[in-house]
Amino acid sequence: MEFLPSTFTGSPRQMHEYAQDAMTYVRSYGCPNLFITFTCNPAWPEITEELSHGQTATDRHDLLARVFRQKKQKFINVLTKMDVFGEARCWMYSIEWQKRGPPPSHNLIWLKEKIHSTQIDDVISAEFPNPELDPVLSDIVKNT
């Protein structure tokens, strides 16, 4: 009987090791402060510009995976290195590869200073952009 090593992505040993790492973070730093999901968008220009005539994003899984990985890395760098929510103590993520649709990345972030409920409105906005003040951003939001 052969066993896949923990270096093989997606193997039971790798998943077990990853779960143990997560538990070590929780034991050392407590519960994560942020849980952020980042989803691949097949309509990203980096994807649509590379498709041949008649192709859809679902025809090019390799392209989806590469662009998603690059954007995910940039996203994590912005969150952890630019201190968007404050200085990050540590972080980890897991990608949920589904049988259909683009993959989401589930990100856990531990901050050195916790965000309190009174500060959430300072960092998160859930408003539609005003089409008169910012028509480009308004169109982007409507079309995604």
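Conventions and cut-offs
Residues numbered from 1 in each chain as written. Predicted model: local features only at pLDDT ≥ 70, side-chain atom pairs only at ≥ 80, totals over all residues. Heavy atoms only, no water. Salt bridge = Lys/Arg side-chain N within 4 Å of Asp/Glu carboxyl O. Helix = DSSP H or I, 4+ residues; strand = E, 2+ residues; numbered from the N terminus. Buried < 20%, exposed > 50% of the residue type's maximum accessible area, 1.4 Å probe, protein only. Pairing = 2+ DSSP bridges. Axes fitted to C-alpha atoms, helices over the stretch in contact; angles between N-to-C directions. 1 Å grid on protein atoms, 1.4 Å probe; cavity = no way out; pocket = protein on both sides within 12 Å on 5 of 7 lines; lining within 4 Å. Points joined across faces, edges and corners; volume = space filled by probe spheres on them. Nonpolar A, V, L, I, M, F, W, Y, C, P; charged D, E, K, R; others polar.

The name an unreviewed UniProt entry assigns to the chain is Helitron helicase-like domain-containing protein, from the organism Araneus ventricosus.

A few words on the pattern of salt bridges. Within this structure, the stated rule accounts for three salt bridges. Between Glu-46 and Lys-71 there is a salt bridge whose closest N-O contact spans 3.3 Å. A residue pair is termed long-range when its members are at least 10 positions apart, and Glu-46 in helix H2 (residues 45–48) and Lys-71 in helix H3 (residues 61–81) qualify at 25 residues. Looking at Glu-46, the relative accessible area reads 36%, which means it is partly exposed. Lys-71 sits in the partly exposed class, given a relative accessible area of 25%. Lys-112 is the partner of Glu-87 in a salt bridge, and the nearest nitrogen-oxygen pair spans 3.1 Å. Taken together, the residues span a long stretch of sequence, with Glu-87 in the loop between H3 and strand E2 (88–95) and Lys-112 in the loop between strand E3 (104–111) and helix H4 (120–123) at a distance of 25 residues. The class for Lys-112 is partly exposed, based on a relative accessible area of 41%.

Turning next to the sheet that holds E2. An order of E1-E3-E2 is seen for the three strands of this open sheet, with the pairing classed as antiparallel. One side of each edge strand has no neighbouring strand; the edge strands of this open sheet are strand E1 (34–39) and E2. Ignoring which end each strand starts from, the neighbouring axes of this sheet average 20 degrees apart. Two elements, E1 and E3, share six bridges in a ladder whose sense is antiparallel. Within E3, the position partnered with Phe-35 by the bridge is Leu-108.

Sizing a probe to match a water molecule and rolling it over the atoms shows the empty space that remains. Here the largest pocket is characterised by a volume of approximately 410 Å³. Thr-9, Gln-14, Tyr-93, Ile-95 and Trp-97 are the residues nearest the centre of the largest pocket, which is lined by 13 residues in total. Those elements that provide at least two residues to the lining of the largest pocket are helix H1 (12–29), H3 and E2. For the lining of the largest pocket, the leading source of residues is H3, giving four residues. In terms of residue class, the lining of the largest pocket is built from seven nonpolar, four polar and two charged. Of the volumes computed, that of the second largest pocket is approximately 210 Å³. Around the second largest pocket, the lining residues are Pro-42, Thr-58, His-61, Leu-64, Ala-65, Trp-97, Gln-98, Lys-99, Arg-100, Gly-101, Pro-102 and Pro-103. Class assignment of the residues belonging to the lining of the second largest pocket gives a composition of six nonpolar, four polar and two charged.

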